[in-house]
Amino acid sequence: MNVALEDGRALADRAAAELEEASAQEIIRWAAETFGDRLCMTSSMADALMVDLVSRVKPGIDVIFLDTGYHFAETIGTRDAVAQVYPINLVNVEPLRTVEEQDRDLGPRLHGRNPNICCHLRKVEPLQRALEPYDAWVSGLRRDEAVTRRGVGVVQWDARKKMVKVNPIARWTQQDVDAYMEEHGVIVNPLRYDGYPSIGCAPCTRPVAPGEDPRSGRWAGMGKTECGIHL
Ligand code: SF4
């Protein structure tokens, strides 16, 4: 945090209280005015909802994509289309080791043997590194996505990263998301139409049946529900 934003926790707590009933656009505007170019966002490229929302308020924003080396081809295609269509600066972030180097050093299929270490090496560390130049980041977390996300605030202090985390659509429902995407013709990862409501790395994501928990296809049967970047 820079000096003016030293007391990030107090800033986040005050904003969370003031903006709890604000629209997503108002929350993004607050973040853009407060942090300027030290605000960035992340995208999993499951769709461009957040990119569409944020880039309308802050064109040119840095959008961090964690290129784990294990993504579906459809996700990489979505990333490339999003970078072309929206007024953003795509920041493609790679892990310190390629998949081949990880296989050589730690054995093949680490994701099947120890997904927590694999996620740390390919998501958590790269994100931590990528976020270093910023004071705040925007994410698309929603309270209704999972039990573990019910406590998500519209603005939060991320004590581990020592940054302000802005979640403009924390209060949105799936219906709100669907309505916005339809109205604005948002780019969507084609896997979404193939039974993947939540999209992560290919080895750790399976399609889910209609009515199933949307995130139940992530790390299915591995006793894991989050990669760690939002903990
Ligand atoms: Fe590795 Fe799976 Fe985590 Fe991707 S989601 S980083 S493949 S454990």
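Residues numbered from 1 in each chain as written. Predicted model: local features only at pLDDT ≥ 70, side-chain atom pairs only at ≥ 80, totals over all residues. Heavy atoms only, no water.

Quick reminder of the rule: UniProt positions are given in the numbering used here, feature names are shortened, and annotations may be inferred rather than shown by experiment.
In the nomenclature of an unreviewed UniProt entry, the protein corresponds to Adenosine 5'-phosphosulfate reductase from the organism Nocardiopsis mwathae. The UniProt entry for the protein carries the following text under Sequence similarities (unreviewed entry): "Belongs to the PAPS reductase family. CysH subfamily." Checking UniProt for the protein, the heading Pathway (unreviewed entry) contains the comment "Sulfur metabolism; hydrogen sulfide biosynthesis; sulfite from sulfate."

## Quick word on the overall build of the protein
Test applied: Strands here are runs of E lasting at least two residues and helices are runs of H or I lasting at least four, both read from the DSSP assignment and numbered beginning at the N terminus. The buried label applies to any residue whose accessible area, calculated with a 1.4 Å probe on protein chains only, is under 20% of its type's maximum; exposed applies above 50%, and partly exposed to all values in between. Should any heavy atoms of two residues lie within 4.5 Å, those residues are counted as being in contact. A 1.4 Å probe and the Shrake-Rupley method give the accessible areas. Residues count as covered only by the protein chains that appear here. Positive charges are assigned to Lys and Arg, negative charges to Asp and Glu, while His and the chain termini are left out of the count. The atoms used to mark charge sites are NZ of Lys, CZ of Arg, CG of Asp and CD of Glu.
Scanning the protein for helices and strands turns up eight helices and six strands. For the protein, the N- to C-terminal ordering of α and β elements is α-α-β-α-β-α-β-α-α-α-β-β-β-α. Projected onto its principal axes, the C-alpha positions of the protein cover 45 × 40 × 35 Å. Across the 231 residues in the protein, those meeting the buried criterion constitute 51%. A separation threshold of at least 6 residues defines the contact pool for the protein, and within that pool the share at least 24 residues apart is 68%. Of the roughly 11,100 Å² that the protein leaves accessible, carbon and sulfur atoms contribute 51%. Of the side chains in the protein, 28 bear a positive and 34 a negative charge, and the two mean positions are spaced by 5 Å.

## Regarding the pairing of strand 5 (residues 155–158)
For the record, the criterion: Here, a strand pair is defined by DSSP locating no fewer than two bridges between the strands.
Inspection of the sheet shows strand 5 paired to strand 6 (residues 163–166) by four bridges, in the antiparallel sense. Across the sheet, Gln156 pairs through a bridge with Lys165, a residue of strand 6.

## Description of the environment of Gly8
Considering the arrangement of structural elements, one finds Gly8 in helix 1 (residues 8–19). In this structure, the C-alpha to C-alpha distance between Gly8 and Val147, residues 139 residues apart in sequence, is 27 Å.

## Some details on the pairing of strand 6
Side-chain alternation along strand 6 places Met163 and Lys165 on one buried face and Val164 and Val166 on a second face that is also buried. Between the antiparallel neighbours strand 5 and strand 6 lie four residues, among them Lys162 with a positive phi of about 55°.

## A look at the nonpolar core
Heads up, the rule is: Here, nonpolar core means buried Ala, Val, Leu, Ile, Met, Phe, Trp, Tyr and Cys residues that are tied together by side-chain atoms lying within 4.5 Å of each other.
Trp30, Leu53, Val155 and Val164 are the most contacted members of the largest nonpolar core, which totals 45 residues. The element contributing the most residues to this core is helix 2 (residues 24–35), with six residues. Membership of the second largest hydrophobic core comes to ten residues, among which are Ile64, Val93, Ala130 and Tyr134.

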